[in-house]
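What follows is each chain in one-letter form.
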Amino acid sequence: MKKTLLSLLLACIAMPAVHAEESTLAGNSKLHWITLSDAAFQQLKKINPALSPKHSASLASDASGLPTGKFSAHTGEAEKVHAVQVTEAQMLALSEKVHHELKRCGGFMFHPNEAAARTALSTPVKQGLAATRPSYKIANQALVKAILPTMQDSNIAQTIIDLTNFTNRYYQSQGGVNSSNWLLQKWKTMAQGRSDISAVQFKHSSWAQPSVILTIQGTDRASEVVVLGAHLDSISMNGTSETTRAPGADDDASGIASMTEVLRAMIANKYKPRRTIKMIAYAAEEVGLRGSQEIATSFANAKTNVVGVMQLDMTNYKGGANDIYLFTDYTDNAQNTFIGNLIATYLPGVKVGSDKCGYACSDHASWSRLGYAASMPFESPMNAHNPHIHTANDTFANSGNQAQHALKFARMAAAFAIELGSEGAVTPPSGTDKTETFSGSLARGAKKSFGPFKAAAGSLKAITSGTGDIDMYVKKGSAASSSSYDCRSVGSTASESCSVNLTANGDVYLQLTGYTAGTYKLSVTYKTQK
Ligand code: BES
Ligand code: ZN
């Protein structure tokens, strides 16, 4: 109980009391529009009894738990929701009261103006978006299975470390801006040589930190869009100054880093989706999902056909018996089931659970309230999440100096983006299995090259046996050597084996080297091209 309460208090204060004082000192009396539940409104009245709602609505949540009444925890029950104008200090005090009195986070939503607040009181605008429903069939195993094994936790770890090197990534701070510029550059550099991939900043008029949007242009279904998202900003409950430490390693450098590894693997494997894939690093999540609300709204205004959205917010702290918890509120049931199936198919051994946030806790809610199918796979059960978030202690060390947990999320996100991105793709026909055998001898230090083997999509496997110590290098597309390979096998005998996966027809090259003098028998098995 103590732990739960403490972690609630530590974990989810978006803007705590100390900020309220700062704002008051700064004399910030600007009024903000928020919508909130009746329960939260009663807390607000304790702060200022004179406050009254400008608009109210009585709303029920729908069958999927979608936020027709965005703060209703009771499916099917009508709940009063109000739109009201408050000062920043009142908003911050409200956040505190909701934590203390209602023992939960969030509980209100920020809106840029009265019209937006009123829209939030009405049911989601599902119609009009014309989002295409995917079939949710798993039909691109060759592609997914070629890419997932190439993903590495070490890359995720490095991105987390790089992001935590900014003092903080607060939406108003220089670190917030600098981290956005850094990520833009990183993504642009990764995408060099791919004219179909671009990265831009999405600027927000009310605060400094820009969001970053990377686009992989789809080939023949480009108007249909798959979105992966994570939030770039961080926050500390100890203050919001330039020097306040808010590393946000788990919340949410882990999500940005997982997504970035999906991007790296797609590029390394020369993946080209049929549908357009967008990777979005949202600004200003920690202060009311503000970046994602502006972005999702701009997509809806443009009538963009977003077929699926996945949010990665906190992926690297294992807090429960299962590995991935699919949150059931503010998310799409059918898409969640699909993600469960993807995990069962592609991530054997990864255990799936489900839970709820209980409120609009991350950027997926900005999409789901506009009627888009969104999901939020989470690192732990809600009551056992990383207790260090929103403090100076949300460090990589406090996630155990590892990125193994985040790697599961990165692979799941890759499977999601590739299966949706390639839906309807026809696998190039392959011929039959073919095995070629070779034998010979190698002097110490000698090299012998084989291939190219003209292989179809699928796996190519090479095995050696013999005497002495022979090493093997295999590479797709160009000559293999000890300094350039996709697979190497360098044990201390002549028995080596390598497997590489092809996503389409391709040439595979192989090189054997004699670490000591020896003899070899080599066999190479692959699917022939048709
Ligand atoms: N990553 C958190 C959300 C979260 C925290 C989910 C703990 C599950 C467990 C997110 O960055 C956040 O802090 N959200 C705010 C709400 C938001 C609307 C400002 C929160 O939870 O207070
Ligand atoms: Zn957070």
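The structure under discussion appears in the preceding block.
Treat the numbers as computed from the prediction; the structure is a model and nothing was measured. Just so you know, the residues in each chain are numbered from 1, in the order the chain's sequence is written. Going through the entries in the order they are written, you letter the chains from A and number the ligands from 1. Thresholds applied to this predicted model are a pLDDT of at least 70 for local features of residues and 80 or more for the giving and counting of side-chain atom pairs; totals over whole chains, interfaces and linings are not thresholded and use all residues. As a rule here, side-chain values cover all heavy atoms of the structure and leave hydrogens and water aside.

A. Inspection of the overall build of the chain at higher detail. Under the DSSP-based scheme used, a helix requires at least four consecutive residues in state H or I and a strand at least two consecutive residues in state E, with every element numbered from the N terminus. In terms of regular secondary structure, the chain is built from 13 helices and 21 strands. Scored against the burial criterion, the 530 residues of the chain give a buried share of 56%. The long-range share in the chain, meaning contacts at least 24 apart out of those at least 6 apart in sequence, stands at 83%. Working definition of accessibility: Shrake-Rupley area with a 1.4 Å probe, residue cover restricted to the visible protein chains. A total accessible area of about 20500 Å² is found for the chain, and carbon and sulfur atoms account for 51% of it. Exposure categories follow from relative accessible area, calculated using a 1.4 Å probe and restricted to protein chains: below 20% of the type maximum is buried, above 50% is exposed, and the middle band is partly exposed. What makes two residues a contact is simply this: any of their non-hydrogen atoms within 4.5 Å.

B. Highlighting the coordination of the zinc ion (ligand 2). On the protein side, the zinc ion (ligand 2) has D251 (OD), E286 (OE), E286 (OE) and H390 (NE2) as donor atoms, found 2.0 to 2.3 Å from it. With water omitted from the atoms examined, metal sites may look incomplete; donors here are N, O and S atoms no farther than 2.8 Å from the metal, or 3.2 Å in the case of Na, K and Ca. Here a site with four donors is tetrahedral if all angles are between 85 and 135 degrees, and a site with four or six donors is square planar or octahedral if opposite donors are over 155 degrees apart and the other angles are between 65 and 115; anything else gets the irregular label. Its 6 donor atoms give the zinc ion (ligand 2) angles of 59 to 157° at the centre, a pattern that matches the irregular case. Between the donor residues of the zinc ion (ligand 2), the gaps in sequence give the motif D-x34-E-x103-H. Taken as a pair, D251 in helix α9 (residues 249–268) and E286 in the loop between β8 (275–282) and α10 (290–301) lie far apart in primary sequence, 35 residues in all. E286 gets classed as buried once you look at its relative accessible area, which sits at 6%.

C. Molecular detail of the nonpolar core. In terms of nonpolar packing, the biggest core is built from 64 residues, with W187, L228, V262, M266, M279, M412 and F416 touching the most fellow members. Examining the composition of this core, we find that 12 residues originate from one element, helix α13 (residues 404–421), more than from any other. Among residues more than four places away in sequence, those in contact with L228 are M259, V262, K278, M279, I280, M310, A413, F416 and A417. Residues grouped as a nonpolar core are buried Ala, Val, Leu, Ile, Met, Phe, Trp, Tyr and Cys residues, joined through side-chain atoms within 4.5 Å. Of all hydrophobic cores here, the second largest spans 21 residues; its members include I470, M472, L502 and L522.

D. Looking closely at the sheet that holds strand β13 (residues 377–378). Taken in spatial order, the 3 strands make up an open sheet running β11-β10-β13, and their pairing is mixed. The strands lining the two open edges of the sheet, one partner per strand, are β11 (352–355) and β13. Here strand β10 (residues 324–327) pairs with β11 via 4 bridges, running parallel. When the sheet's bridge partners are listed, L326 is paired in β11 with S354. Note on pairing: two strands pair once DSSP finds at least 2 bridges between them.

E. Spatial organisation of the pairing of strand β7 (residues 221–231). In terms of burial, β7 is a largely internal element, 8 of the 11 residues being buried. Taken together, the 8 bridges between β7 and β8 define a ladder with parallel strand orientation. Across the sheet, residue A230 finds its bridge partner in β8, namely A281. By definition, the crossover connecting two strands over a helix is right-handed if that path, from the first strand to the second, turns clockwise as seen with the strands pointing away from the viewer. What joins β7 to β8 is α9, and the crossover it makes is right-handed. As paired elements, β7 and strand β9 (residues 305–311) share 6 bridges and run parallel to each other. Paired with G229 across the strands is Q311, a residue of β9.

F. Local environment of unusual backbone geometry. The omega torsion across D251 and D252 is 10°, close enough to zero to call that bond cis. Checked against the element boundaries, D252 lands in helix α9. A cis amide bond links G451 with the next residue in sequence, P452, at an omega value of 5°. A positive phi angle, near 55°, is found at A284, a position not held by glycine. One non-glycine residue, Y330, adopts positive backbone phi at about 60°. The residue Y330 is located in the loop between β10 and α11 (333–346) in this model.

G. Here's a closer look at helix α5 (residues 114–121). Every buried residue of α5 is accounted for by A117, A120 and L121. Down the axis of α5, the buried side of the element spans an arc of 105°, and every buried residue falls inside it. The arc refers to the directions leading from the helix axis to the C-beta atoms.

H. Structural context of the packing of α9 against α13. With axes taken as lines fitted to C-alpha atoms, and helix axes fitted only over the stretch in contact, angles between N-to-C directions fall between 0 and 180 degrees. Running from N to C, α9 and α13 point in directions that differ by 55°, and their axes come no closer than 8 Å. As the angle between them shows, α9 and α13 are arranged oblique. By crossing handedness, the relation of α9 to α13 is classed as right-handed. Contact residues: α9 offers S258, V262 and M266, while α13 offers A406, A410, A413, A414, A417 and I418. Looking at side-chain class alone, the contact of α9 with α13 contains 8 nonpolar, 1 polar and no charged residues. Angle categories are assigned with fixed cut-offs, so that under 35 degrees is roughly parallel, over 145 is roughly antiparallel, 65 to 115 is roughly perpendicular, and the rest are oblique. Left-handed is the label given to a crossing in which the near helix is rotated counterclockwise from the far helix by less than a right angle, and right-handed is the label when the rotation is clockwise. Only Asp, Glu, Lys and Arg are considered charged in this grouping, and only Ala, Val, Leu, Ile, Met, Phe, Trp, Tyr, Cys and Pro are considered nonpolar; every other residue, Gly among them, is considered polar.

I. Fine view of the sheet that holds strand β5 (residues 197–202). Ordered by their spatial adjacency, 6 strands build an open sheet running β5-β6-β8-β7-β9-β12, and the pairing between neighbours is mixed. The two strands at the open ends of the sheet, each matched to only one other strand, are β5 and β12 (374–375). Here β9 pairs with β12 via 2 bridges, running parallel. Looking across to β12, one finds that M310 is bridged to S375.

J. View of the pattern of salt bridges. Just to be clear on terms, a salt bridge is a Lys or Arg side-chain nitrogen sitting within 4 Å of an Asp or Glu carboxyl oxygen. Applying the stated criterion across every chain yields a total of 11 salt bridges. Here D332 ties to R133 by a salt bridge, and the two come within 2.6 Å at their closest N and O atoms. Within this pair, whereas D332 is found in the loop between β10 and α11, its partner R133 is found in the loop between α5 and α6 (141–147), the two being separated by 199 residues in sequence. Judged by its relative accessible area of 13%, D332 falls in the buried class. Judged by relative accessible area, which is 48%, R133 ranks as partly exposed. Taking the shortest distance from any N to any O, the salt bridge between D323 and K318 comes out at 4.0 Å. A residue is classified by how much of its surface remains accessible, and K318, at 41% relative accessible area, is partly exposed. Salt bridges linked by common partners bring R221, E224, R275 and E423 together as one network.

Read these as spatial facts, not as claims about activity.
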